[in-house]
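# Per-entry structural report
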Amino acid sequence: MEQKKRIFSGIQPSGDLTLGSYMGAIRNWVALQEEYDCLYCIVDMHAITVRQVPADLRRRSLEQLAQYIACGLDPEKNIMFIQSHVPQHAELAWVLGCYTQFGELSRMTQFKQKSQQHADNITAGLFTYPVLMAADILLYQADLVPVGEDQKQHVELCRDIATRFNFSFSDTFTLPEPFIPKLGARIMSLGNPENKMSKSDPDGCVYLMDKPEDIMRKFKRAVTDCETAVRFDRENKPGISNLLTIYCAATGKTLEDAEAEFKDQGYGVFKPAVGEAVVELVRPIREEAARLLSDKAYLESIYKQGAERASALANKTLRKVYKKVGFVAR
Ligand code: ATP
Ligand code: LTN
């Protein structure tokens, strides 16, 4: 039997999951789980690159696992685990950091943005964040990394690091490809459609766990423009274009169909219609996640088993790497 290709992806438990991470990443994870051999991680070690409240981080890590499953990821088919439970991530990250240039990391857009947002706490961890992400991916010899558009640069850096390592020694790592959806790769903030929707911006952001009335309120208040036409034009109508993208991603309709549907209607009809489509999309996820969270023993069994399986795979790569760089075998 032909070996299935491998997928790795992860999300930081630095806030509740958003509609952006669902449409940009998790939806694809669910779509790909049949065809690929998949590992989906809760990257808590990445989350501490900016300050976290420890009790919140612990709670959110568990909630995120419940939400992964509620989104449709089957724990039988996928390996789901918590990054800090598999120490090989940190171990490989150290080695890869010694094969990564300071200049490369300085060019990362996310580092530039986050160091502005957290100007009082620009840590070495925030700077070397992409090296840990490269370790996540390369440990499992992943072929594909399903992420939103904002992570493309990090996956490209991961490829550069892997290529350099393979060239310096011999073939060690599979070169991964980013897998970015055509629709929903970059959902924008409802409060400011020039910015990406992000967990850390509660006003512009829809959380998967938001109640229907909160979702409706956020969509009714979404910033648009002062025209009336519901038309896709990213340049001049970023707010409406973003809402159209969300509407299509939530309903499966094409942009043309959606434009035609609201052709003779103003924003007063369109915005609540987008809200309702999202309410229906996330309702089953919210309900199922709440149900799963009441069964902590079940969640624990999933992440424990996940870490064991992940660790066995990770170990193979790490041993090879240690040998190649010249460490004495234990
Ligand atoms: P933070 O605000 O802490 O940086 P975030 O909201 O940007 O977090 P991440 O944890 O960085 O979310 O991203 C999780 C996954 O979801 C990544 O694959 C990312 O590319 C994708 N993603 C995040 N936000 C969006 C968005 N607005 N549109 C599409 N994809 C997104
Ligand atoms: N940097 C990613 C999270 C992340 C990730 C990964 C994604 C950490 N390690 C490995 C894909 C593969 C982000 O969402 N901000």
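Look up: the structure comes first, before these words.
First, a word on what this report is: a plain description of the structure on this page. A quick note: this is a predicted structure, and the numbers were derived from the prediction, not measured.

Counting across every chain of the model gives 20 salt bridges. Close ionic contact of Arg59 with Glu63 constitutes a salt bridge, the shortest N to O distance being 3.2 Å. In this pair, Arg59 and Glu63 both sit in helix 3 (residues 54-70), four residues apart, roughly one turn of the helix. Residue Glu63 is classed as buried on the basis of its relative accessible area, which comes to 15%. Linking Asp210 and Lys218 is a salt bridge whose minimum nitrogen-to-oxygen distance equals 2.7 Å. Members of the salt-bridge network, linked through shared partners, are Asp225, Glu227, Arg231, Asp233 and Lys237.

Within the structure, ligand 2 sits among 14 residues, and Gly10, Tyr129, Met133, Asp136 and Gln151 are positioned closest to it. Within the side chain of Asp136, a nitrogen or oxygen atom sits 2.6 Å from a nitrogen atom of ligand 2. At 2.9 Å from a nitrogen atom of ligand 2 is found a side-chain nitrogen or oxygen belonging to Gln151. Protein contact buries 92% of the 360 Å² of open area that ligand 2 shows by itself. For the shell around ligand 2, the secondary-structure elements that each account for two or more residues are strand 1 (6-11) and helix 7 (124-139). Counting residues per element, the shell around ligand 2 draws most heavily on helix 7, at four residues. Split by residue class, the shell around ligand 2 holds seven nonpolar, six polar and one charged.

This next bit is on the packing of aromatic side chains. Working definition: an aromatic ring pair is given by the centre-to-centre distance plus the angle between the planes. Inspection of every chain in the model, using the stated rule, returns 15 aromatic pairs. Relative to Tyr140, the ring of Phe8 lies with its centre 5.4 Å away and its plane at 5 degrees, an arrangement referred to as stacked. Here Phe8 is found in strand 1, whereas its partner Tyr140 is found in the loop between helix 7 and strand 4 (144-146), with 132 residues between them in sequence. Its relative accessible area of 2% is what places Phe8 among the buried residues.

This part takes up helix 3. If you check helix 3, its first and last C-alpha atoms are 24 Å apart, about what 17 residues at 1.5 Å a residue would give, namely 24 Å. Taking burial as the measure, the 17 residues of helix 3 include twelve buried ones, the bulk of the element. After helix 3 finishes, the residue Gly72 shows a positive phi value of roughly 120 degrees.

Counting 62 residues, the largest nonpolar core has Leu19, Met23, Tyr68, Phe219 and Ile246 as its most contacted members. The biggest single contributor to this core is helix 12 (residues 267-293), with twelve residues. Counting 43 residues, the second-largest nonpolar core is a separate cluster that includes Phe8, Leu126, Leu138 and Ala307.

Moving on: the side chain of Asn166. Here Asn166 lies in helix 8 (residues 152-168). Among the polar contacts listed, one links the side chain of Asn166 to the backbone nitrogen of Thr172, at a separation of 2.9 Å. The residues contacting Asn166, other than those within four sequence positions of it, are Asp171, Thr172, Phe173 and Leu175.

So, on to the pairing of strand 1. Across the six residues that make up strand 1, a large majority, five, are buried. One ladder, built from six bridges, connects strand 1 with strand 2 (residues 37-42); its direction is parallel. Within strand 2, the residue paired with Arg6 across the bridge is Asp37. Handedness of the crossover is the feature at issue here: the chain leaves strand 1, passes through helix 1 (residues 19-32), returns alongside strand 2, and the resulting connection is right-handed.

Take the site of ligand 1 next. In the vicinity of ligand 1 there are 21 residues, among which Lys114, Asp150, Lys196, Ser198 and Lys199 approach most closely. Separating a nitrogen atom of ligand 1 from a backbone N or O atom of Gly20 is a distance of 3.2 Å. Within the backbone of Met197, one N or O atom sits 3.0 Å away from a nitrogen atom of ligand 1. If ligand 1 stood free it would expose 600 Å²; the protein chains cover 95% of that surface.

Here we come to the packing of helix 3 against helix 12. One way to put it is that helix 3 packs onto helix 12 with a least axis distance of 8 Å and a crossing angle of 130 degrees. Here helix 3 is positioned oblique relative to helix 12, judged by the angle of their axes. The crossing of helix 3 and helix 12 is right-handed. Contacts between helix 3 and helix 12 pair Leu62, Glu63, Ala66, Gln67, Ile69 and Ala70 from the former with Ile285, Glu288, Ala289, Leu292 and Leu293 from the latter.

Definitions and limits used
Residues numbered from 1 in each chain as written. Chains lettered and ligands numbered in written order. Predicted model: local features only at pLDDT ≥ 70, side-chain atom pairs only at ≥ 80, totals over all residues. Heavy atoms only, no water. Salt bridge = Lys/Arg side-chain N within 4 Å of Asp/Glu carboxyl O. Helix = DSSP H or I, 4+ residues; strand = E, 2+ residues; numbered from the N terminus. Buried < 20%, exposed > 50% of the residue type's maximum accessible area, 1.4 Å probe, protein only. Near = heavy atom within 4 Å. Polar contact = N/O pair within 3.5 Å; in protein donor to acceptor, adjacent residues only side chain to side chain. Areas by Shrake-Rupley, 256 points an atom, 1.4 Å probe, with all protein chains shown as cover. Nonpolar A, V, L, I, M, F, W, Y, C, P; charged D, E, K, R; others polar. Phe/Tyr/Trp six-rings, centres within 6.5 Å; stacked < 30°, edge-to-face > 60°. Expected span 1.5 Å × (residues − 1). Core = buried A, V, L, I, M, F, W, Y, C linked by side-chain atoms within 4.5 Å. Contact = heavy atoms within 4.5 Å. Pairing = 2+ DSSP bridges. Right-handed = clockwise from strand over helix to strand, strands pointing away. Axes fitted to C-alpha atoms, helices over the stretch in contact; angles between N-to-C directions. Parallel < 35°, antiparallel > 145°, perpendicular 65-115°, else oblique. Left-handed = near helix turned anticlockwise from the far one by under 90°.

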